[in-house]
Amino acid sequence: MGRNNLAGAWGEGVAAEYLRKKRFTILACNYRCRFGEIDIIAGNRKYLVFVEVKLRRSDRFAAAREFVGLEKQRRLRTTAMLWLQENPDGRQPRFDVIEIYAPEGVDTAHPEIYHWEDAFQ
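Worth saying up front: this structure is predicted, and the values here are computed from it rather than measured. (Residues numbered from 1 in each chain as written. Predicted model: local features only at pLDDT ≥ 70, side-chain atom pairs only at ≥ 80, totals over all residues. Heavy atoms only, no water.)

A tally of regular secondary structure across the protein gives 2 helices and 5 strands. When the helices and strands of the protein are read in sequence order from the N terminus, they spell out α-β-β-β-α-β-β. Within the protein, the fraction of its 121 residues that count as buried is 39%. Total accessible area computed for the protein in this model is approximately 7,600 Å², and 48% of it derives from carbon and sulfur atoms. (Helix = DSSP H or I, 4+ residues; strand = E, 2+ residues; numbered from the N terminus. Buried < 20%, exposed > 50% of the residue type's maximum accessible area, 1.4 Å probe, protein only. Areas by Shrake-Rupley, 256 points an atom, 1.4 Å probe, with all protein chains shown as cover.)

Quick look at the structure:
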């Protein structure tokens, strides 16, 4: 596993733990299909949430959520539709972005976490 894969997996783990503390159940991690990948799929009583996790050392160049452009949003929506065809669910779907700022990378003891609910509106 390369350095970026390790950091990405660490960031997704941080995001999943954050969601669990917010009373979400993690349904899938790194769901892949021919259209793309969704980092985390989670649910609570009301929402089925498709989460894009963005890990950065800082926001010096741009906020992490700004790296989820229109093309990425389109791929995430298409991937989510396929997941829903395979896993019918009556909850309201939503697309969130979780930004994690970790200045020391995987050695960051207390990363900053920002959760952008319904991020594609």
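So, about the sheet that holds strand E5 (residues 112-116). Taken in spatial order, the 5 strands of this open sheet run E1-E2-E3-E4-E5, and their pairing is mixed. Taken across any chain shown, the strands that pair with only one partner, and hence form the sheet edges, are strand E1 (25-33) and E5. Adjacent strand axes in the sheet meet at a mean angle of 30°, parallel and antiparallel pairs treated alike. Pairing of strand E3 (residues 47-56) with strand E4 (residues 92-101), which is carried by 10 bridges, proceeds in the parallel orientation. Each residue of the ladder has a partner; that of Glu-52, found in E4, is Val-97. The sheet contacts of helix H2 (residues 70-86) involve E1, strand E2 (36-43), E3 and E4, and relative to E1 the element is tilted by about 110°. (Pairing = 2+ DSSP bridges. Axes fitted to C-alpha atoms, helices over the stretch in contact; angles between N-to-C directions. Contact = heavy atoms within 4.5 Å.)

As far as function goes, none of this settles anything; it's purely spatial.
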